[in-house]
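Below, each chain spelled out in residue letters.
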Amino acid sequence: MKDGKDLKVAILTREWPPAIYGGAGVHVSNLVIALNATGLVQSDVHCFGDKRSDATGYQLKGELTKINPALQTLLIDNDMALNLGGAAIAHSHTWYANFAGYLASKIYSIPHVVTAHSLEPLRPWKAEQLGGGYVISSWVEKLAYENAAAVISVSDGMKSDIKSAYPEVDPKKIVTIRNGIDTNKFKPIESPKVLEKYGIKGPFAIFVGRITRQKGLAHLLRAWKQVDPKFSLVVAAGSPDEPSIGAEVETLITNLQSERSNIYWIKEMLPHDELVALLSAAEVFACPSIYEPLGIVNLEAMACETAVVATKVGGIPEVVDDGKTGILVNPNAKSEEFESEFANALNRVLSDESLAKKLGVEGRRRAIAEFGWDKVASATIDLYRSLI
């Protein structure tokens, strides 16, 4: 066993500030801060992209940037793995970095820890985005999980999914360590200037996320036709995974805007202060995801003391306490039924100020009590120590 600064961990990730676009990137950046704060681990970050002052960046140049993106990932992972000789543990996040961790474990005979943020077999729509690359991403993920020393699941729901998707993985190697939230960075604030900047008026619901089928934004936009028109909708979403979902969302938003003047689409990524201000000002946060291993964005909304209406999928029920911090809706096989029930839940919260307030207050209390990053770091270090 090693402890103190002798425990050197290589954190392998595609995303690293300032290039953060999803929940996995948010997780990694916060995890590293929390690990370093303990003084018990030296975490060295290896990421995709340009050189960073706080991480080693890897990117391809020239003709190699023109090949299939999935093949580019394998080449970057190869370069990454060759630079991990001094690490005691390799800890990879998402399939983009899993191959680097797998190679490092074989080259240097060190444990490879995988954090499961999502599972390729449960995201078949990724084939639209990656084309033939989806076969590669699925292969890499399977290879990494089945050979890892440990697999961290961000929820018990995800743990069950891992067992189902990869039955060859020893269940004893799968450990649940839920995502955390920094409740000092995400807390209720008032900022009328932000609302003025985007022209937002009246009570509103907000959606924040990438434009991908996984996030269910199209369902929300169709459901919104059944929401009382006196309520506004703010959609903070951009970077579509692939053209067809981008075009579908744009059409749905355009149609809504032609019928209502209180539909606001913010396409660019919001600065942190503006994100917190909008989450705090909203009556309700809408999370219509059809697949969500945990859902950090729900935690962010809860920490801002905002009620949540979300789907009862994946790890969301482990975050949103149905009836206490929000309302959960079962995504039915028939889209029309699901969208109608989702609209009913939104109407219920939006039309009852006292309910929205009660759910929001309890949500922040829960976020503080159960989802601190210090708890995540402690559990992660305990896992590291058990492997060496």
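Residues numbered from 1 in each chain as written. Predicted model: local features only at pLDDT ≥ 70, side-chain atom pairs only at ≥ 80, totals over all residues. Heavy atoms only, no water.

(A) Broad picture of the sheet that holds strand β4 (residues 89-93). A sheet is described by the order of its strands in space; here seven strands give the open sequence β3-β2-β1-β4-β5-β6-β7, paired in parallel fashion. Each edge of the open sheet carries a strand with a single partner, namely β3 (56-58) and β7 (174-176). Across the sheet, the mean angle separating the axes of adjacent strands is 25° when strand polarity is ignored. Note that β4 and strand β5 (residues 112-116) share four bridges and pair parallel. In the strand pairing of β5, serine 92 is matched with valine 114. Along the sheet, helix α2 (residues 69-81) makes contact with β1 (8-13), β2 (42-48) and β3, crossing β2 at roughly 150°. (Pairing = 2+ DSSP bridges. Helix = DSSP H or I, 4+ residues; strand = E, 2+ residues; numbered from the N terminus. Axes fitted to C-alpha atoms, helices over the stretch in contact; angles between N-to-C directions. Contact = heavy atoms within 4.5 Å.)

(B) Layout of the environment of asparagine 298. Among the structural elements, asparagine 298 can be located in helix α11 (residues 296-303). Asparagine 298 sits in the buried class, given a relative accessible area of 0%. Taking the C-alpha atoms as reference points, asparagine 298 and serine 53, separated by 245 residues in sequence, lie 31 Å from one another. Aside from chain neighbours lying at most four places away, what touches asparagine 298 is Phe285, Cys287, Val308, Ala310, Ile316, Val319 and Val320. (Buried < 20%, exposed > 50% of the residue type's maximum accessible area, 1.4 Å probe, protein only.)

(C) Highlighting the packing of α2 against helix α5 (residues 133-147). One can describe the packing of α2 onto α5 by two numbers: an axis separation of 8 Å at closest approach and a directional angle of 35°. Within the contact between the two elements, α2 uses Ala70, Leu71 and Leu74 and α5 uses Gly133, Ile136 and Val140. Residues that form the contact of α2 with α5 fall into these classes: five nonpolar, one polar and no charged. (Nonpolar A, V, L, I, M, F, W, Y, C, P; charged D, E, K, R; others polar.)

(D) Quick peek at the pairing of β5. By the criterion of burial, β5 is predominantly enclosed, with five of the five residues buried. Of the two faces of β5, the one holding His112, Val114 and Ala116 and the one holding Val113 and Thr115 are both buried throughout. Handedness of the crossover joining β4 and β5 through helix α3 (residues 95-108) is recorded here as right-handed. Relative to strand β6 (residues 150-153), β5 is paired through four bridges, and the arrangement is parallel. Counted as the bridge partner of valine 113 is alanine 150 from β6. (Right-handed = clockwise from strand over helix to strand, strands pointing away.)

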